[in-house]
Amino acid sequence: VPHIDAGRFRADFDALAEIGRTVQGGVHRPTFSDAHLAARAWFLDRAAAAGLETRVDAAGNHSATLRSPAPEAPTLLLGSHLDTVPNGGRFDGALGVVAALEVLRATQDAQLVLPCSLEAIDFTDEEGTLVGLLGSRALAGGLTPDMLQAPRGGRPALLAGLARAGLTEAQLADARRDPGTIAAYLELHIEQGPILERQRVDIGIVTAIVGSRSFKLTFKGTAGHAGTTPMDARDDAGLAAARFVVGVHDTVAWDFPNCVATVGRVTLEPGAFNVIAGEAHVALEFRSAEPSQLDALEDALLFRAREAETLGRVEIEPVGRWEPVPLDSTIRSAIARVSDALGLSTIELPSGAGHDAQALAHVTPSGMIFVPSAEGLSHQASEQTAWDDCLNGAEVLLGATLELAGVFAS
Ligand SMILES: [Zn+2]
């Protein structure tokens, strides 16, 4: 029976955390930075040292493969990412890649022959320094030319990054794989939220990746003199924005317990001590795992916006829309069974954060395993997951891989 080599797994995790290490104890590996490229080279080195087949595809995805001798065996993908947000933590993405590599080695060491090939894959630009889910979308065939025309990191940064990594824009889409060659997709990741820790649960089984919608709102008022305009004669756009921020919070807190909504930016114009705000620009984003909840929440929040601006002069512009992505039920029950057999407690929960699984789920059965994040912190240097939890996650990934290789082989 294959088992995780805890010492080897830990040594690899620690070695990887040194690449791009920050003084705060986190890691800084934005996509195609020197540290990111070094981490990817390290991953291929470790895979080659274990005698695994290595490969880099046209989107820069880095892979290690343990090939099945079965003719036309499909590939079970085990993935995550080695890029990080600026000044990120050691666990986000890295844990999943190192655990996937360890699952391949454990299977190989046990001389177990599976009906699927196993591929540990480090996807390009998961975090969105340049585009977001760049590698996984390319592999799943979901990367469109317009995504590359106005990427969130800016087009010059994208082109410079691709050049640094030896990739070309024209060939990115060649990373697409025939879905018939992929058996399923599995990912181990830290939760990045506080739910598992609060409920003292070992393993999270992800039900869906939440969808999100974002809007730009402009509240219109009348700019005026801050000294000479009486309080009852003001038409203050800042006040409308403030009412709206409170309204967003109250709406979600009272009526939408399974949703989150955020006003992440408020800018007042002209923006001076001595001028009443004539305009307020507000960035609104909200998320839910349920499409019907997203519709209802959108109605409720935009109603709040019109209510906050008593004269009804609010402009509302949709700027982003991601549909929720449900994850595979066969994989979910396999994760539950394997965890149970290992004596680990589980709950099901949606992922509030985006992941490569949301790209893969469109073409292959996909599932995710979460382990607890200390204090729910992530995307920062003090991101922490207890080592026992990392080990539990790797054991569940291994167990689920062995079970699902049989289920999805044909
Ligand atoms: Zn991640």
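Structure's up top.
Residues numbered from 1 in each chain as written. Predicted model: local features only at pLDDT ≥ 70, side-chain atom pairs only at ≥ 80, totals over all residues. Heavy atoms only, no water.

It is worth spelling out helix 1 (residues 6-17) at this point. Here helix 1 contains twelve residues, and its C-alpha end-to-end distance of 16 Å stays within 8% of the 16 Å for a straight helix at 1.5 Å per residue. Turning to helix 1, its buried residues are Phe-9, Asp-12, Phe-13, Leu-16 and Ala-17. Down the axis of helix 1, the smallest arc covering the buried residues is 135 degrees, so these residues share one side. Residues of helix 1 that are buried make contact with helix 2 (34-49), helix 3 (94-109) and helix 12 (387-407). (Helix = DSSP H or I, 4+ residues; strand = E, 2+ residues; numbered from the N terminus. Expected span 1.5 Å × (residues − 1). Buried < 20%, exposed > 50% of the residue type's maximum accessible area, 1.4 Å probe, protein only. Arc of directions from axis to C-beta. Contact = heavy atoms within 4.5 Å.)

What follows covers the coordination of the zinc ion. Those donors, His-81 (NE2), Asp-92 (OD) and His-189 (NE2), are the protein atoms that reach the zinc ion, and they lie 2.0 to 2.2 Å from it. Counting gaps between the donor residues of the zinc ion yields the pattern H-x10-D-x96-H. Highlighted residues: Asp-92 in the loop between strand 3 (75-80) and helix 3 and His-189 in strand 5 (residues 182-190), separated in sequence by 97 residues. The pair Asp-92 / His-189 is uniform in exposure class, with both members buried. (Donors = N, O, S within 2.8 Å, 3.2 Å for Na, K, Ca; no water.)

Once that is clear, we can look at the nonpolar core. In summary, soluble globular proteins display a tendency toward joint burial of nonpolar side chains. Core analysis: the largest hydrophobic core is formed by 56 residues, its most contacted members being Phe-9, Phe-43 and Ile-335. Discounting residues that sit within four places of it in the chain, Ile-335 has contacts with Leu-186, Ile-203, Ile-205, Met-368, Ile-369, Val-396 and Ala-400. Counting residues in hydrophobic clusters, the runner-up holds 23 residues, among them Leu-217, Phe-244, Phe-256 and Leu-284. (Core = buried A, V, L, I, M, F, W, Y, C linked by side-chain atoms within 4.5 Å.)

Moving on, we come to the pairing of strand 7 (residues 211-220). Of all ten residues that make up strand 7, seven are buried, and the element is covered over most of its length. Where strand 7 lies against strand 11 (residues 279-288), ten bridges are found, and the strand directions are antiparallel. Looking across to strand 11, one finds that Lys-220 is bridged to Glu-279. (Pairing = 2+ DSSP bridges.)

Here the focus is helix 3. With 16 residues, helix 3 ought to run about 22 Å at 1.5 Å a step, and its terminal C-alpha atoms sit 22 Å apart, in line with that. Within helix 3, 14 of the 16 residues are buried, which leaves it mostly tucked inside the rest of the structure.

In helix packing, the relevant descriptors are the interaxial angle and the interaxial distance, both defined with respect to the helix axes. In the contact formed by helix 3 and helix 12, the axes pass within 9 Å of each other and the chain directions differ by 50 degrees. One element, helix 3, and the other, helix 12, form an angle in the oblique class. Crossing of helix 3 over helix 12 shows right-handed handedness. Contact residues: Leu-95, Ala-99, Ala-100, Val-103, Ala-106 and Thr-107 in helix 3; Cys-390, Ala-394, Leu-397, Leu-398, Thr-401 and Leu-402 in helix 12. (Axes fitted to C-alpha atoms, helices over the stretch in contact; angles between N-to-C directions. Parallel < 35°, antiparallel > 145°, perpendicular 65-115°, else oblique. Left-handed = near helix turned anticlockwise from the far one by under 90°.)

Let us now look at the pattern of salt bridges. For the coordinates displayed, the defined rule picks out 22 salt bridges. One salt bridge connects Arg-10 with Asp-14, and the closest N-O pair in it is separated by 3.3 Å. Taken together, the positions of Arg-10 and Asp-14, both in helix 1 and four residues apart, correspond to about one turn of that helix. By relative accessible area, Arg-10 is classed as partly exposed at 36%. For Glu-323, the salt bridge is made with Arg-321, and the minimal N-O distance between the two is 2.9 Å. For Glu-323, a relative accessible area of 42% translates into the label partly exposed. Residue Arg-321 is classed as exposed on the basis of its relative accessible area, which comes to 52%. (Salt bridge = Lys/Arg side-chain N within 4 Å of Asp/Glu carboxyl O.)

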